[in-house]
Amino acid sequence: MPVRRLPETVQNRIAAGEVVERPASVVKELVENAIDAGARRVAVEIEGGGVDLIRVTDDGAGMTREDLALAVERHATSKLPGDDLDAIATLGFRGEALPSIGAVARLAITTRHAGEPHAWELAVSGGVKGEPRPAALARGTRVEVRDLFFATPARLKFLKTERTEAGAVAEIVERLALARPDVRLTLRMGARGERAFPGGEGEAGGRARLAAVLGAEALGDGIEVSAEREGLAVTGLVGRPAASRATAREQYLVVNGRPVRDRLLLGALRAAYGDLLPRDRFPFAALFVAVDPAEVDVNVHPAKTEVRFREPARVRALVVSAVRDALARDMAGAQATAGLAARAVALGGGGRPALFPRAAPPRPGFAERQAAFERMAPAARAPEPVAAGPEPEPEFPLGAARAQLHATYIVAETADGLVVVDQHAAHERLVYERLKRGLSENGVARQILLIPEVVPLPPREAEALLAEAGELARMGLVLEGFGPGAVCVREAPAMLGEVDLQRLVKDLAAEVADFEREVSLEGRLWRVASRMACHGSVRAGRVLKLPEMNALLREMEATPNSATCNHGRPTFVRLGLAEIEKLFGRR
Ligand SMILES: Nc1ncnc2c1ncn2[C@@H]1O[C@H](COP(=O)(O)OP(=O)(O)OP(=O)(O)O)[C@@H](O)[C@H]1O
Ligand SMILES: [Mg+2]
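This one's a predicted model, so the numbers in the text were calculated from it and none came from an experiment.

(A) Structural context of the overall build of the protein. Of the regular secondary structure elements, the protein holds 19 helices and 23 strands. Considering only intrachain contacts with a sequence separation of at least 6, the fraction spanning at least 24 residues in the protein is 68%. With the model as given, the accessible surface of the protein reaches about 27,100 Å², and the carbon-plus-sulfur share is 54%.

Right, dumping it as C-alpha cells:
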C-alpha cells in the first residue's frame, strides 16, 4: 500500500485518542482553558455522565472571530507567544484540546471578546468545521460538547457507568479547584447534585478550598507542611497517620498551579511516612510545589498530568523532609500535651515518652519497637492460639495478662515492664491476617448457616455484591441473589464467630459498589478482608476473661504485622521498668 498523508479528520481523531480519554478529560481541558483565559468564575454542567452534554461557561477574556476560527485547528494556540517550551506558565500549550474534542464529538463554542461588537459562535462536529456566526453572549466563553465519542464508537464502549464517569468528572473538578482557590467553580450533575467551590484569595481562600475539597474535618486531621530551599517551595497539608485512607484518591498534588498525578511526588509522599502506615493505607495530602517554570518540563504526558523536574532528586528530598518534619513536629506537639507522656519527658530528662496517647499518631521509634518485637516473636513460638492453658510466664514478649481496663485495654506484665493492648485493634489485625492466610492457602473455612440470612440492599449494591460472589465465597461468605433488592447469605467465614451479618453484608456491599475505581483483584480482596475483620473482631467494650486475654496476646506474638491495626494505629504500647522508674524520678 502506498504511503499517504492522512486526512485531517483522521489525524485529529488519532490525536484525540490521547487527549480525550473520557468525559472527565474534556472537562479538564475546558476548565483549564477557562482558567488560562483569566476567568474568575467557571461553571461546569454535565448530563449523562458527560457523554450526553458537557457545558463549561467562563467569564474570561473570550476570543475574537479570527482567534475562534483558528482555535479549533490543530497546533493553534495563543499560549506560546515566543515559541518557548522551556518555561510554560499556562495550563495549556499544545493547541490540541479543542480540535481533539471537535474530532470526536459535537462541539459548539460561543465567545465574546471585548474588542468585538458582539459574540461569535462556531461549531465543529466529528471533525467537520463550520463558519463563525454572530451570536449573543455578554462576556466570556461558553463551550458545549454533546454526544461525546459519537464519531469514534469504539471509545464509547470503553466508558464505564454513568455514575463512574460522573464521579471522574467530579474528581477532576476537585483537583482543579484545589489548585486554584482564587477561581470560583461550580459543578452541576443533573440529578446527581451540585458542588460549589466559592473562591477566595490568599491564605484564607486556600484553607476554605481545602475544606471544600477534602472535607472540613481534614483540616483538623491534617498537619501543615511548609519548606523552602533554593527557589523550590513545598507547602500544603498532610493527614496524620491515624486519619489514613484506603486509597490514594485523596492525594492532591499541584505543581505551579497545575494538578498532577506525578509518580515522583507520590513516591516522595509515601517515603515520608515510612512505616508509619501499612502498605495498604494512604495519607490524605494536598501538596503544592512551586518552582521556577524553567526547572520543570510539563510537556511529557498526553494529558499533562505528569511533569519532569530538571533536578528530581532535589524535589524528592525537599518533599520527603518537609513532610517528615511536619509529622515529627506534630508528634512532638502531641507528646507535649499528652499528660502522662508529657511528664515522662519532663522527669526523664527529655527521654522518649513510652505511652502513646490513644488518639495520637504512632511515634517515631514505634517502627523500631515493632521490628524488635517481631524479632522476639518468631512465628514458631506459638503456632496455635492457646484457648486456655496454664498461667503464661511473663517471659513472653507480650507478657502475662493481669487485668482488663475499661473493657477495652488489656494490661500485661512482661519480664521488664508492662504492655497495654487495645483489644479491638489487635483482634482486628489478627482476623485480617487469618483471612489473608486462609486466602493464600485453600480458601477460608466456612460455616453453613442453619437459617439463611436475607439482607435487603439497594439494587445497585446487591448487583455489585453478587458480581463478586465467587471471590467472596473464597473468603468464606457464600451468598446468592434474593430478588432485585436483597441477597441471601448461606455460609459465613467460620473465624468471624457470631457476627451481625446484616451489618457486615451492608458494609461490604457499600465497599464493593465502590470498586469500579480499584482495578486490582488483590486490592479488592484486601479491602473486603479488612472490612470483615472489623466485624469479626472483639469490640471495645467486651469484657474478657484472663485466658481469653492471654490467647489474644499469644496469637499477636505469632502473627506478622500485629503491632498495628488495619488502619495503621498501634495495637499495643510498651512501658519498660526503666521508663517507669524515670516517671517516678528514680533514675
Ligand atoms: N475558554 C476560553 N477562553 C478564551 N480563549 C480560549 C478558551 N478556550 C480556548 N481558547 C483559545 O483557544 C486556543 C486553543 O485551545 P486549546 O485548548 O485547543 O489549546 P491550548 O489551550 O492552547 O493548548 P492545550 O492543547 O495544551 O490545551 C487557546 O490557546 C486559547 O487561545
Ligand atoms: Mg487548552
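There is more to say after this.
(B) View of the pairing of strand 3 (residues 106-112). Sheet topology places strand 3 next to strand 4 (residues 119-125); six bridges connect them, and they run antiparallel. For L107, the partnering residue across the bridge sits in strand 4 and is V124. A loop of six residues connects strand 3 with strand 4, the two strands running antiparallel in sequence. The sheet contact formed by strand 3 and strand 7 (residues 140-146) spans seven bridges and is antiparallel. When the sheet's bridge partners are listed, R106 is paired in strand 7 with R146.

(C) Highlighting the site of ligand 1. Taken together, 22 residues lie around ligand 1, and N33, T77, S78, K79 and E96 are the ones closest in. Taking N33, its side chain carries an N or O atom lying 2.8 Å from an oxygen atom of ligand 1. K304 places a side-chain nitrogen or oxygen 2.8 Å from an oxygen atom of ligand 1. Contact with the protein chains removes 94% of the 590 Å² of surface that ligand 1 exposes when unbound. Every element with two or more residues in the shell around ligand 1 is listed here: helix 2 (23-36) and helix 4 (97-104). Looking at the shell around ligand 1, its residues break down into nine nonpolar, seven polar and six charged.

(D) The arrangement of a nonpolar patch on the surface in detail. Taken together, the side chains of L6, V10 and I14 present a nonpolar region at the surface, about 230 Å² in accessible area. Assessed through its relative accessible area of 34%, V10 is described here as partly exposed.

(E) The arrangement of the pairing of strand 11 (residues 232-239) in detail. The element strand 11 is largely enclosed, with a buried count of seven among its eight residues. Looking at chain direction, strand 10 (residues 222-229) and strand 11 are connected through eight bridges and run antiparallel. Its bridge partner being in strand 11, E224 is matched across the sheet by L237. Where strand 10 hands over to strand 11, the hairpin turn is made up of two residues, of which E230 adopts a positive phi near 45°.

(F) A look at the nonpolar core. Grouped together as the largest cluster of nonpolar side chains are 59 residues, with contacts concentrated most on V27, L30, V31, V42 and V145. Looking at this core element by element, the count peaks at nine residues for helix 6 (residues 162-179). Not counting residues within four places of it along the chain, the set of residues in contact with V145 comprises V26, L30, D52, L53, I54, I101, A105, R106 and L107. Ranked by size, the runner-up nonpolar core spans 36 residues in total, among them A227, L253, L269 and L327.

Quick notes on the rules
Residues numbered from 1 in each chain as written. Chains lettered and ligands numbered in written order. Predicted model: local features only at pLDDT ≥ 70, side-chain atom pairs only at ≥ 80, totals over all residues. Heavy atoms only, no water. Helix = DSSP H or I, 4+ residues; strand = E, 2+ residues; numbered from the N terminus. Contact = heavy atoms within 4.5 Å. Areas by Shrake-Rupley, 256 points an atom, 1.4 Å probe, with all protein chains shown as cover. Pairing = 2+ DSSP bridges. Near = heavy atom within 4 Å. Polar contact = N/O pair within 3.5 Å; in protein donor to acceptor, adjacent residues only side chain to side chain. Nonpolar A, V, L, I, M, F, W, Y, C, P; charged D, E, K, R; others polar. Patch = residues over 30% accessible without salt bridge, like charges linked within 9 Å, V, L, I, M, F, W, Y side chains within 5 Å. Salt bridge = Lys/Arg side-chain N within 4 Å of Asp/Glu carboxyl O. Buried < 20%, exposed > 50% of the residue type's maximum accessible area, 1.4 Å probe, protein only. Core = buried A, V, L, I, M, F, W, Y, C linked by side-chain atoms within 4.5 Å.

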